[in-house]
Amino acid sequence: MTGRIPVAGKDDLQRAVEERVAEVEAVAGSEPVINAPAKKAPAKKAPARKAAAKKAPAKKATPSKATAATKTPARTTTKRAPAKKAAATGNVAPPGETTTDERPSTASTAPEGGPTTVPPVVAPAPIAEPGDPAGSPAGPPEAPDPDPAEPSTPQAPEDAAPTDAHGDSPAGGPAAPGEQSVGEVSEEHLRAIVEGWSHDPHGVLGAHESGAGWVVRTLRPDAVSVAVLDEDGGRYDAQRLHDGGIFEAALPQQPGDYRIEVEYPDGQGGTSRHTVDDPYRWLPTLGPLDEHLIREGRHERLWEVLGAHVRRYETPRGAVEGVSFAVWAPAARGVKVTGDFDYWEARAYPMRSLGSSGVWEIFVPGVPVGSRYRYHVLGADGVWREKSDPLAFATEVPPLNASVVTESTHEWNDDAWLAERASAGWHEKPMSVYEVHAGSWRQGLSYREMADELVEYVVAAGFTHLEFMPLAEHPFGGSWGYQVTSYYAPTSRFGSPDDLRYLIDRAHQAGIGVIVDWVPAHFPKDEWALTRFDGTPLYEHGDPRRGEQLDWGTLVFDFGRSEVRNFLVANALFWCKEFHVDGIRVDAVASMLYLDYSRSEWLPNKYGGRENLEAVAFLQEFNATVYREVPGVVTIAEESTAWPGVTRPTHLGGLGFGFKWNMGWMHDSLAYVEREPVHRSYHHGQLTFSMHYAYSENFVLPISHDEVVYGKGSMLRKMPGDRWQQLANLRAYYAYMWAHPGKQLLFMGSEFAQDSEWAESRSLDWWHLDDPAHRGILQLVTDLNARYRELDALWAHDVDPSGFSWIDANDASGNTLSFLRYGKAVPAADGQEAGTTAEGDDDTRSALACVVNFAGSPHHEYRIGLPRPGYWREVLNTDGEGYGGSGVGNYGGVEAVAEPWHGQPYSATISAPPLGTVWFQHEA
């Protein structure tokens, strides 16, 4: 077609650019050119410096430091001073050389005698052939993306990064020299860094190749002057690029293992000079695999990559120690870390986004252990929030709430315990649990003091396990720990995390297991904690019909979000692996399972039902993961409904817990014993009903803190009658509980019959032990635990119906019930055939008979049926005078004769004491 304007080719466009630049140079004279185009000839490649790096404690990661392809404002370069002279003269330039911290004016006209400058010239990117990926010019700066789609671009190839002994790139190592040059940066990029909404401050700050040389940019708010000290000893003055504290120094070669020399006002009219490391020269401490697992919600060791970690690296200029900070905030527009190390000004350390993983990260050299810190999070809603670290490993003592950098130095000495724990399941072992509120057992004790006093007390009382009410950090002591704000931090009220490790270690060495209460059902609404962490409902469910518990004033986790499930499952593993806990008791499971739990308005599941399918999936994942990863650890559900399969394995469709609290037994049995004996015959079924479902789940029989608060009265006050009758009732009830199928749990203070209700604000009433009656209760509990450990019939078949049979469940008029418990097979006697008794009974298991008399008067000449002849030794009698009883007993035992009774081939006549329980062990 005639008259068409010919299309300019690549050479034509490049020639036009060079002519434009020449015109600018002619106008500017000897002044530096702003935004000069890149030269066609390749710049000389700087040699890569390899630095031996000490292997980091974190997982290995592929280097991933971002670059920028944008433009920089005008700057004045500084001449390199000889190394020796620079060291001798400090900030003063040698004769004949000049240094400057001034930036040239960008005005079109300069004051008289000043330098001549011109408006910035925006040069187009170098032209590339079609299909060449280098031909895509960088677009104008965009507003921060709340959820970047891709990870940041690697700055350097892997082989240029420091390597460990295996030749792998260690996570968190210093950045290596790059093959790819970083273009000029814009005022918008600088402002984003200073104001904290940059997703990639490392792409501008740190060392970058620029044209024929290198630049080092650093963020140093309030600095008077800044210089870069390269690995070879050269010193290069930096100029201020932005009033917010961004400085830049030009270097003729790659700076290697450089440091920053900073001069600050000293507050007395002078200045002080410091040599520091640059946070923005370090690679991420998370690798691509970590990011992938976090995105998938499958990072089972999440605490090893998120949170604050002390890290140490060996570099050519010596060891570098500091702290890496990493936090998950996918919708945040910017995140900064602040703390003691920057005087809480939140200006010096904007963090980088690691792309679609939603993680923000930075390594800050020089931060010491014990430093307090927080995150400043610019939410998706444009609001800045000050937040404690969701994965903080230590905190300030409440009501203060800053996170604290910590590092464990504890050396464990419980290998023998852990090996024994892993050898067999607790279903076939004795398990008698003492539940404790750490703050009120004896007020004022630290973790280390508890390691002496509490562990010694539990050993003396014969319990097998300690169960602590929640030890994770919580702001309000009156919540007893059930409103957690820091799931990965033991409460600092009683000492450091290592102090708690010491307590658990000492318990294990004394043969005591440790269970902790865990609260994944809900969390409080404190603004500085998890709620709307990144300006969106991040940890909580966004719909208030699922995301709030109105009765408790708390928020409910979004169990359908994979990262939230990951946060919780990894937290359970954290307590098992980092603190060696032996069991996790999950609080308020029913509130998680039912969408209509304590709600008038609720949102059905996808099938229209009330079951929370996401919570079910979470609980199954939690149990399956814990049992797979930590041999010997047990999980326990506080579940108060008839939800089927709570302790059924997950592969069979169950929730997968090891045990479930038997809330039905607890409510029914307490309702029975709280009645006067004269009325009990009408409620006999409340004692016997539990055996209808005793083997539907694996049960723990709980007398917990919930039964001795809120006006319910102490265990002693629940019992009717005068003081002697109250004490006798309690003794009989405890012995019935210890003989019933299932494991036992008793709350502190109940073991010596504290008279008053429990209150978290004061210690237990230890003065009761000056009273022989209360000492008698404690002695009974001690003897119950001792007999319980000795007699395998009481625990070997807790989850097997063959371990129990009734003798008489129907004596309602006598307020009495009797039953048998069976243990493991006993060895055959001399001359007997294995598997038979002398009387031809093919049941060679140990046997124990339990008779409970809840009547106010004794039953003399009371006949009970027994499965075997011979002597049945009285191994426990709660009416013993040593316990404060009346002394009605059986003179050490009874003889079973061949008189059928209660459907048994043999029987014996016994004395059943008033308000008493008697145990008889068959003498094989």
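Okay, so let's go over this structure. Once a new chain begins, its residue numbering starts again from 1 and follows that chain's sequence as written. Selection of residues for local features in this predicted model requires a pLDDT of at least 70, selection of side-chain atom pairs for listing and counting requires 80 or more, and totals for whole chains, interfaces and linings are taken over all residues. By convention in this description, side-chain values take in all heavy atoms of the structure and omit both hydrogens and water.

## A short note on the overall build of the chain
What counts is decided by this rule: Secondary structure is summarised from DSSP: a helix means a run of H or I of at least four residues, a strand means a run of E of at least two, and numbering begins at the N terminus for each. When a residue's accessible area, from a 1.4 Å probe over protein chains only, is under 20% of the maximum for its type it is buried; when over 50% it is exposed; and in between it is partly exposed. In what follows, residue pairs with any heavy atoms lying within 4.5 Å of each other are defined as contacts. Values of accessible area rely on a 1.4 Å probe in the Shrake-Rupley scheme; residue burial ignores everything except the protein chains shown.
Check the secondary structure of the chain and you find 17 helices and 37 strands. When the 924 residues of the chain are sorted by exposure, 57% land in the buried category. Long-range contacts, defined as pairs at least 24 residues apart, comprise 73% of the intrachain contacts of the chain with a sequence gap of at least 6. As displayed, the chain offers around 37100 Å² of accessible surface, 52% of which is attributable to carbon and sulfur atoms.

## Some thoughts on the pairing of strand 20 (residues 486-490)
Let me state the cut-off plainly: Whether two strands pair comes down to DSSP finding at least two bridges between them.
Counting buried positions along strand 20 yields five of five residues, so the element is predominantly enclosed. One ladder, built from two bridges, connects strand 19 (residues 472-473) with strand 20; its direction is antiparallel. Its bridge partner lying in strand 20, Ala472 is registered against Pro490.

## So, the pairing of strand 29 (residues 743-747)
Within a regular beta strand, the side chains point alternately toward one face of the sheet and then the other, so they alternate between its two faces. For strand 29, the tally of buried residues reaches five of five residues, placing the bulk of the element in the interior. Of the two faces of strand 29, both are covered, the one formed by Lys743, Leu745 and Phe747 as well as the one formed by Gln744 and Leu746. Where strand 17 (residues 432-436) meets strand 29, four bridges bridge the pair, whose relative direction is parallel. In the strand pairing of strand 29, Ser432 is matched with Gln744. In the sheet, strand 28 (residues 699-703) pairs with strand 29 via four bridges, with the strands oriented parallel. Note that in strand 29 the partner of Leu701 across the bridge is Gln744.

## Some thoughts on the sheet that holds strand 31 (residues 816-825)
Put simply, the rule is: Here an axis means a line fitted to C-alpha atoms, over the contact stretch when the element is a helix, while the angle between two N-to-C directions is reported on a 0 to 180 degree scale.
With respect to topology, six strands assemble into an open sheet ordered 30-31-32-37-34-35, the strand pairing being antiparallel. If you trace the sheet from one side to the other, it starts and ends with strand 30 (804-808) and strand 35 (893-896), each paired once. Recorded for the sheet is a direction-independent mean angle of 25 degrees between the axes of neighbouring strands. Relative to strand 37 (residues 916-922), helix 16 (residues 723-739) is tilted by about 35 degrees, and along the sheet it contacts strand 31, strand 32 (845-853), strand 34 (870-877) and strand 37. Together, strand 34 and strand 37 form the strand contacts of helix 17 (residues 772-790), whose direction differs from that of strand 34 by roughly 140 degrees.

## Observations regarding the side chain of Arg680
Convention followed: Think of it this way: Lys and Arg go in the positive column, Asp and Glu in the negative one, and His and the chain ends go nowhere. For salt bridges, the criterion is a side-chain nitrogen of Lys or Arg within 4 Å of an Asp or Glu carboxyl oxygen.
Structurally, Arg680 can be placed in helix 13 (residues 677-680). Although Arg680 is buried, it forms no salt bridge, and the closest oppositely charged side chain is Glu676 at an N-O distance of 7.0 Å.

## Side note on the environment of Arg317
Let me state the cut-off plainly: Here a polar contact is recorded for every N or O atom pair within 3.5 Å, except that within protein the pair must consist of a potential hydrogen donor and a potential acceptor, and residues adjacent in sequence are included only if both atoms are side-chain atoms.
Checked against the element boundaries, Arg317 lands in the loop between strand 9 (307-315) and strand 10 (318-328). Overall, the relative accessible area of 36% leaves Arg317 in the partly exposed class. In this structure, the C-alpha to C-alpha distance between Arg317 and Asp230, residues 87 residues apart in sequence, is 9.8 Å. For Arg317, the contacting residues outside a window of four places in its chain are Leu229, Asp230, Glu231, Asp257, Tyr258 and Arg259. Among the polar contacts made by the side chain of Arg317, one reaches the main-chain carbonyl oxygen of Asp230 at a distance of 2.7 Å.

## Overview of the packing of aromatic side chains
Filter applied, for reference: Working definition: rings of Phe, Tyr and Trp (its six-membered ring) pair if their centres are within 6.5 Å, and the pair is stacked with planes under 30 degrees apart, edge-to-face with planes over 60 apart, and tilted otherwise.
Applying the stated criterion to the full structure yields 51 aromatic pairs. When the centroid spacing of 5.3 Å and the interplanar angle of 20 degrees are considered together, the rings of Phe559 and Phe618 count as stacked. One end of the pair, Phe559, is in the loop between strand 24 (554-556) and helix 9 (562-578); the other, Phe618, is in helix 11 (residues 613-629), with 59 residues separating them in the sequence. Across this residue pair, the class does not change: Phe559 and Phe618 are buried. An angle of 70 degrees between the planes, with centres 5.6 Å apart, marks the rings of Phe574 and Phe579 as edge-to-face.

## Some points on the environment of Tyr883
Residue placement: Tyr883 occurs in the loop between strand 34 and strand 35. A sequence separation of 105 residues divides Tyr883 from Leu778, and the C-alpha atoms of the two residues are 8.6 Å apart. Each residue touching Tyr883, except ones within four places of it in the same chain, is listed here: Arg731, Ala773, Gly776, Gln779, Leu780, Asp783, Leu876, Asn877 and Thr878.

## Side note on the side chain of Glu638
Secondary-structure assignment places Glu638 in the loop between strand 26 (634-637) and strand 27 (659-661). Overall, the relative accessible area of 11% leaves Glu638 in the buried class. Excluding residues that lie within four positions of it along the chain, Glu638 makes contacts with Arg585, Val586, Asp587, Ala588, Val589, Ala590, Trp661, Met663 and Asp706.

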